[in-house]
Amino acid sequence: MAKRRIPRYRRNADETEAERRARIGRIAADLSQQASNNSFSPLLFYEDTPFACIDCGKEEIWTAEQQQWWYEVAKGSIYSRAKRCRDCRRKHRARREAGVPPDQPVRTAGELMKIIRIEIEPALCAAGFLFESRNRQYHPGERVWLDYVGRGRTFSFSFDPRLAQLKAELLSPDGDVLTVAAIKFQMPRTTADVMETVNEFTSAVIAFLADIPADS
């Protein structure tokens, strides 16, 4: 057994630091080169880390070498993490240099409902429905909704985070409920995915409103 171990130990002894780092995907951090911070938990090493791009959903690896450059050369905050793939990072930089505001990811149910309201409200008003009420999400997982009234009926929009479902319903005074549109968000939910789903949902609602007879 001892004879069999000797070649392995010899190979490890002959291995260069670069080869060892490539093998384990980890680099010891130089704390003196990191940007000053008030953290009691500084980054002691950099390790290859997988992540999904928030814009396109592509899977990439934020390598230990890239992290070392970011934290010790570029002096990036130790609280920052990679969030865009290389292609989307270039596009984001180009938009910023051109003065074009970047698309912001939809992080909360409230932000989602705000987008829905902006997109649908003009068509609702044209069809005779006016905004009545909405609720706020005070705890994660709570359902959020918007209500519009008109023509003796209520047009209700709701989002259920537990089901990842967006729904539009038309409620009559006698209790009848007509589901106008219902759609679920798929994972991963990048900004592009969310907006594509929202556009599909709002298009269905607007088409329905356009078909409502003026005297109905």
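As shown above, the structure is provided for reference.
Everything in this summary refers to the structure shown in the same document. Just so it is clear, the model here is predicted, and its values are computed rather than measured. (Residues numbered from 1 in each chain as written. Predicted model: local features only at pLDDT ≥ 70, side-chain atom pairs only at ≥ 80, totals over all residues. Heavy atoms only, no water.)

1. Comments concerning the sheet that holds strand β7 (residues 153–160)
This is how the line gets drawn: We call two strands paired when DSSP finds no fewer than two bridges between them. Put simply, DSSP H or I for four residues or longer makes a helix, DSSP E for two residues or longer makes a strand, and each gets a number counted from the N terminus. Only C-alpha atoms enter the line fits that serve as axes; for helices the fit covers just the stretch in contact. Angles between N-to-C directions range over 0 to 180 degrees. We call two residues in contact whenever any of their non-hydrogen atoms come within 4.5 Å of each other.
The antiparallel open sheet is built from five strands, whose spatial order is β5-β6-β7-β8-β9. Each having just a single partner strand, β5 (130–134) and β9 (177–184) make up the two edges of the open sheet. Each adjacent strand pair in this sheet contributes to an overall mean axis angle of 15°, direction not counted. Judged from the seven bridges that link them, strand β8 (residues 165–171) and β9 form a sheet pairing that is antiparallel. Directly across from E169, in β9, lies its bridge partner T179. In the packing of helix α5 (residues 109–126) onto the sheet, the strands contacted are β5, β6 (144–150), β7 and β8, and the crossing angle to β7 comes to about 155°. Packing against the sheet, helix α6 (residues 191–210) makes contact with β7, β8 and β9, and its axis sits at approximately 160° to β9.

2. Considering the nonpolar core
The criterion, for reference: Only buried residues count toward a nonpolar core. Its members are Ala, Val, Leu, Ile, Met, Phe, Trp, Tyr and Cys residues joined through side-chain atoms within 4.5 Å. With a 1.4 Å probe rolled over the protein chains alone, any residue whose accessible area is under 20% of its type maximum counts as buried; one over 50% counts as exposed, and the rest are partly exposed.
Counting residues in each nonpolar core, the largest one holds 30 residues, and the members touching the most others are F129, F155, F157, F201, V205 and L209. Those elements that place two or more of their residues in this core are α5, β6, β7, β8, β9 and α6. Considering each element in turn, this core owes the most residues, eight residues, to α5.

3. Topic: the pattern of salt bridges
Note the following rule: Only one rule defines a salt bridge in this text: a Lys or Arg side-chain nitrogen within 4 Å of an Asp or Glu carboxyl oxygen.
Enumeration according to the criterion identifies four salt bridges in this entry. The partner of R117 in a salt bridge is E121, with the nearest N and O atoms 2.8 Å apart. With R117 and E121 both in helix α5, this residue pair falls four residues apart, about one helical turn. Residue R117 is classed as partly exposed on the basis of its relative accessible area of 27%. In this structure E121 comes out as partly exposed when scored by relative accessible area, which is 22%. When the shortest N-O distance is used, the salt bridge between D160 and R162 registers 3.4 Å.

4. Quick notes on the pairing of strand β3 (residues 49–52)
Both β3 and strand β4 (residues 59–62) contribute to a ladder of four bridges, which runs antiparallel. Bridge pairing in β4 places A52 opposite E59. In this structure, the hairpin formed by β3 and β4 is closed by a connection of six residues, where G57 is found at a positive phi of approximately 85°.

5. Examining a nonpolar patch on the surface
In plain terms, the rule: Distance thresholds for patches are 9 Å for like charges and 5 Å for nonpolar side chains (Val, Leu, Ile, Met, Phe, Trp, Tyr), applied to residues having over 30% relative accessible area and no salt bridge. Note on areas: these come from Shrake-Rupley sampling with a 1.4 Å probe, and a residue is covered only by the protein chains present in the view.
Taken together, L31, L44 and F45 make up a surface patch of nonpolar side chains, about 290 Å² in accessible area. Counting through the fold element by element, L31 comes out in the loop between β1 (26–28) and β2 (45–47).

6. Thoughts on α5
For clarity, the threshold we go by: Multiply 1.5 Å by the residue count of a helix minus one, and that product is the helix's expected span. Two axes define the bend at a residue: one fitted to the seven residues ending there, one fitted to the seven starting there, and the bend is the angle between them.
The end-to-end C-alpha distance of α5, which contains 18 residues, comes to 26 Å, matching closely the 26 Å that a straight helix rising 1.5 Å per residue would cover. A maximum bend of about 45° is found in α5 at I120, where proline P122 lies one to four positions downstream. Within α5, burial applies to A109, L112, M113, I115, I116, I120, A123 and L124. Against the buried residues of α5 lie β6, β7, β8 and α6. Of the residues trailing α5, G128 is marked for its positive phi of about 95°.

7. Considering the packing of α5 against α6
The condition that has to hold: Oblique is the label for any angle not under 35 degrees, not over 145, and not in the 65 to 115 range, which are roughly parallel, roughly antiparallel and roughly perpendicular in turn. Two helices that cross are described as forming a left-handed crossing if the nearer one is turned anticlockwise from the farther one by less than a right angle, and a right-handed crossing if clockwise. Residue polarity follows a fixed list, in which Ala, Val, Leu, Ile, Met, Phe, Trp, Tyr, Cys and Pro are nonpolar, Asp, Glu, Lys and Arg are charged, and the others, Gly among them, are polar.
Between α5 and α6, the shortest axis-to-axis distance is 10 Å and the interhelical angle comes to 25°. It follows that α5 is roughly parallel to α6 by the angle criterion. α5 and α6 meet at a crossing whose hand is right-handed. Between α5 and α6, the residues in contact are L112, I115, I116, E119, I120, A123 and L124 and V194, M195, V198, F201, T202, V205, I206 and L209, respectively. The residue inventory of the contact of α5 with α6, partitioned by class, reads 13 nonpolar, one polar and one charged.

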